[in-house]
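Structural features, examined
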Amino acid sequence: MRLDKYICESTDSTRQEAKGLIKAGLITIDGVVCKKAAVHVAPEQQIALDGERIEPVGLRYIMMNKPVDTLCTTSDTELYQSVISLMLIDKPERLHIAGRLDVDSTGLILITDDGLWSHKVTSPRRGCFKTYLVELLNPVSNTEQTKLIQAFADGFYLSGDDKKTLPAEIEFTAPNQARVKICEGRFHQVKRMFLAFDNQVTRLHRQQIGEIVLGTDLAAGEWRYLNAAEINSIDA
Ligand code: URA
């Protein structure tokens, strides 16, 4: 990587500012001042700015247990805090959420700066299923449950949409509780799927995305980096 690019990737500097730092003699490579922006830096070399070592941030893959009343956006509003601003992390402006949850929904969100990876998470064509635990306002009778299971599997038109929903799974764990698996992320999709059957979702918690399961070790608002197996599971 070129030295000026390395500085941009490691600090908040623009390319122009990075060139300025280099010209000013503030950058060293392995302890020696370097004034050439086009010099290529090898991974084993140590780069310092004003005597302090700097390193590129690199791509990050994170899971968070989203708390209720937070936004899956990159900045806060007057009413709600963004999930990104809950994190004490370098370069938060580079991060985005791979598959949003509504302000009142809770559970697993994936946060990354790898656009290709997040596309694989969210693109319906990739068939990455998301599992939600749902609580419903109205209990659903056994006959109605059978009807819903079939309808979710077949797909149906949501109000205002011109495409049927893709095959989804629903398993009732109680008359007013279900586990739902969908591989799409249309606007308010799960809520609208139940609304189509005159019911209302009162609680929505995402438990799993593909193979990635929200650990019980993360309290609401807590986050951790994904391990290699979790990251690679999205490509599998
Ligand atoms: N479906 C919804 O309706 N809301 C969510 O937050 C996620 C899926």
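Only a predicted model underlies this, so the values are computations on that prediction, with no experimental measurement involved. (Residues numbered from 1 in each chain as written. Predicted model: local features only at pLDDT ≥ 70, side-chain atom pairs only at ≥ 80, totals over all residues. Heavy atoms only, no water.)

**Observations concerning the pairing of strand β9 (residues 106–112)**
We count it as follows: The buried label goes to any residue with under 20% of its type's maximum accessible area, the exposed label to any with over 50%, and the partly exposed label to all in between, with areas taken from a 1.4 Å probe on protein chains only. A run of DSSP states H or I qualifies as a helix once it reaches four residues; a run of E qualifies as a strand once it reaches two. Both are numbered from the N-terminal end. Here, any two strands with at least 2 DSSP bridges between them count as paired.
Summarising burial for β9: seven of the seven residues are buried, a large majority. Both strand β5 (residues 61–66) and β9 contribute to a ladder of six bridges, which runs antiparallel. Residue pairing in the sheet places M63 in a bridge with L110 of β9. Sheet topology places strand β8 (residues 96–97) next to β9; two bridges connect them, and they run antiparallel. In the sheet register, H96 faces β9, and the bridge partner there is T112. In the sheet, β9 pairs with strand β13 (residues 201–209) via two bridges, with the strands oriented parallel. Looking at β13, one finds that G107 is bridged to R206.

**Side note on the side chain of T70**
The line we're drawing: Whenever two N or O atoms come within 3.5 Å, that pair is a polar contact, provided that in protein one can donate a hydrogen and the other can accept it, and provided that, for residues adjacent in sequence, both atoms are side-chain atoms. Every residue pair with non-hydrogen atoms within 4.5 Å of one another is taken to be in contact.
Locating T70 in the fold gives a position in strand β6 (residues 70–71). Judged by its relative accessible area of 5%, T70 is buried. A polar contact of 2.6 Å, which involves the side chain of T70, links it to the backbone oxygen of P67. What T70 contacts, discounting residues up to four positions off in sequence, is Q81, V83, L86, D102 and V103.

Treat this as a map of the structure, not an account of what it does.
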